[in-house]
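# Working through the structure, step by step
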Amino acid sequence: AAAPTRRRIRPLDQDVVNKIAAGEIIVAPVHALKELMENAVDAGSTSLEVLVKDGGLKLLQITDNGCGIDKEDLPILCERFTTSKLQKFEDLQSIVTYGFRGEALASISHIAHLTVTTKTRDSDCAWRAFYKGGKLVPAKPGQSPDPKPVAGRPGTQVTVEDLFYNIPNRRRAFRSASDEYNKIIDMVGRYAVHCSNVGFLCKKHGESSASISIQTNASTIDRIRQIYGASVANELTEFSTSDNRWGFTAKGLATNANYSTKKTTLLLFINHRCVESSNIRKAIEQTYASFLPKNGHPFVYLSLEIDPQRVDVNVHPTKREVNFLNEDETIQAVCEHLRTKLAAVDASRTFLTQT
Ligand code: ADP
Ligand code: MG
């Protein structure tokens, strides 16, 4: 057989590298939405509106009333690793805001058409900028790429259009816009429960009624009632515990033994970021096993605050996974507390039914 031809090693185009990296961070529209919501909350917003077309593939628009972005910062806004939230590597250890490495907007600008309209409190007008591949681009060919003055209210509106337009295989992989929309509603719902003092609105483009509408001053239980229903909200037990040894505080709301459903709903926030943890999920399900009928599952909203020095949030650019010290001890302590709470409710219930 002929010897295989030897090919030289060459670097990929920077543009290709950026696109690959972006596609790893933003796998589906909901991932872009999560980053943009976190930015809006970081900016101190008290109102957040989400507009979605075609499951976020055609349009994803987030409007907030936060601090806005300085006009001078707009040229580098979407460059990779530009951020107002981190200066030194050590800052990673004490960071309390949601995003921190300046990758979200950069990533989005590599795989979608991105428009940012923003107004700070000190600015006389709002500024609108268009981005592609991390850089400012003109609205139309031939025009200047500089941000344009427009009328607008204080805050920021980020518009993401045609997500994955330049990754056709990814785009084709999305079979159903309504599946993607459901993921978006689920994520908006989670943040709407967690972010008290922030109002949330989530709408499908062209529909008059909103999928989620939460007033700024709604209580956490009211938020849960509106999003997950009265059957959940009526059976909630509040819990709160902490332990200095493991450097954590945990608080939240969990359904008691009167409530049971087919699948566990776990709203898990670690240092105010929505994350997944199969370890925590398993431990919670085990805790409930002695209180609920076979195949019955709870609703649990758990906000864990862990001493930032003990958390490694940097395991993956998506930040969907979080590692922290003494994870087992922390989970055990939280579940032990939950167990006592549930037992107390259970005991008073037994007492009530007996009398
Ligand atoms: P990161 O959030 O990790 O800093 P991003 O790419 O998400 O990176 O955002 C870059 C910067 O843009 C942020 O640090 C912040 O200063 C600014 N920014 C982004 N979104 C908003 C917003 N909605 N309101 C105000 N500032 C914003
Ligand atoms: Mg961010």
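Residues numbered from 1 in each chain as written. Chains lettered and ligands numbered in written order. Predicted model: local features only at pLDDT ≥ 70, side-chain atom pairs only at ≥ 80, totals over all residues.

Looking at an unreviewed UniProt entry, the chain carries the name DNA mismatch repair protein Mlh1, with the source organism given as Podospora fimiseda.

### As for unusual backbone geometry
Although it is not a glycine, N197 sits at a positive phi angle of roughly 75°. Mapped onto the secondary structure, N197 falls in the loop between α5 (177-194) and β8 (199-204). The phi dihedral of H272 falls on the positive side, at around 70°, and the residue is not glycine. Inspection of the secondary structure puts H272 in the loop between β12 (265-270) and β13 (273-274). (Helix = DSSP H or I, 4+ residues; strand = E, 2+ residues; numbered from the N terminus.)

### Observations concerning the domain arrangement of the chain
Annotation of the chain at the domain level lists domain 1 (14-214) and domain 2 (230-349). Relative to domain 2, the C-alpha centre of domain 1 lies at a distance of 30 Å. (Domains from an automatic or database assignment.)

### So, the packing of helix α1 (residues 14-25) against helix α3 (residues 104-111)
One can describe the packing of α1 onto α3 by two numbers: an axis separation of 8 Å at closest approach and a directional angle of 115°. Taken together, α1 and α3 sit at an angle that is classed as roughly perpendicular. As for the relative orientation of α1 and α3, their crossing is left-handed in sense. For the pair α1 and α3, contact is made by N18, K19, A21, A22, G23 and I25 and by S107, H110 and I111, respectively. When its residues are assigned to classes, the contact of α1 with α3 shows 4 nonpolar, 4 polar and 1 charged. (Axes fitted to C-alpha atoms, helices over the stretch in contact; angles between N-to-C directions. Parallel < 35°, antiparallel > 145°, perpendicular 65-115°, else oblique. Left-handed = near helix turned anticlockwise from the far one by under 90°. Contact = placed C-beta atoms within 7 Å. Nonpolar A, V, L, I, M, F, W, Y, C, P; charged D, E, K, R; others polar.)

### Details of the environment of H31
By secondary structure assignment, the location of H31 is in helix α2 (residues 29-42). For the pair H31 and I108, spaced 77 residues apart in sequence, the C-alpha separation works out to 10.0 Å.

### Description of the sheet that holds β12
Read from one edge of the open sheet, 5 strands run β10-β11-β14-β12-β13, paired in mixed fashion. Either end of the sheet is taken by a strand with one partner, and the two such strands are β10 (236-243) and β13. Of the pairings in the sheet, the one linking strand β11 (residues 248-255) to strand β14 (residues 299-306) comprises 7 bridges and is antiparallel in character. Bridging across to β14, F248 finds its partner in I306. (Pairing = 2+ DSSP bridges.)

### Observations concerning the packing of α2 against α5
The packing of two helices is summarised by the inter-axis angle and the distance between the axes. Following both chains from N to C, one finds α2 and α5 inclined at 25°, their axes separated by 9 Å at the closest point. Overall, the two elements α2 and α5 adopt an arrangement that is roughly parallel. When you trace α2 past α5, the crossing you get is right-handed. Between α2 and α5, the contacting residues are P29, V30, L33, K34 and M37 on the first element and E180, K183, I184, M187 and Y191 on the second. In terms of residue class, the contact of α2 with α5 is made up of 7 nonpolar, no polar and 3 charged.

### Structural notes on the confidence of the model for the chain
Residues of the chain with pLDDT of at least 70 account for 91%, and the chain-wide mean is 91. Two numbers describe this predicted complex: its pTM, 0.92, and its ipTM, 0.99. (pLDDT = per-residue confidence, 0-100.)

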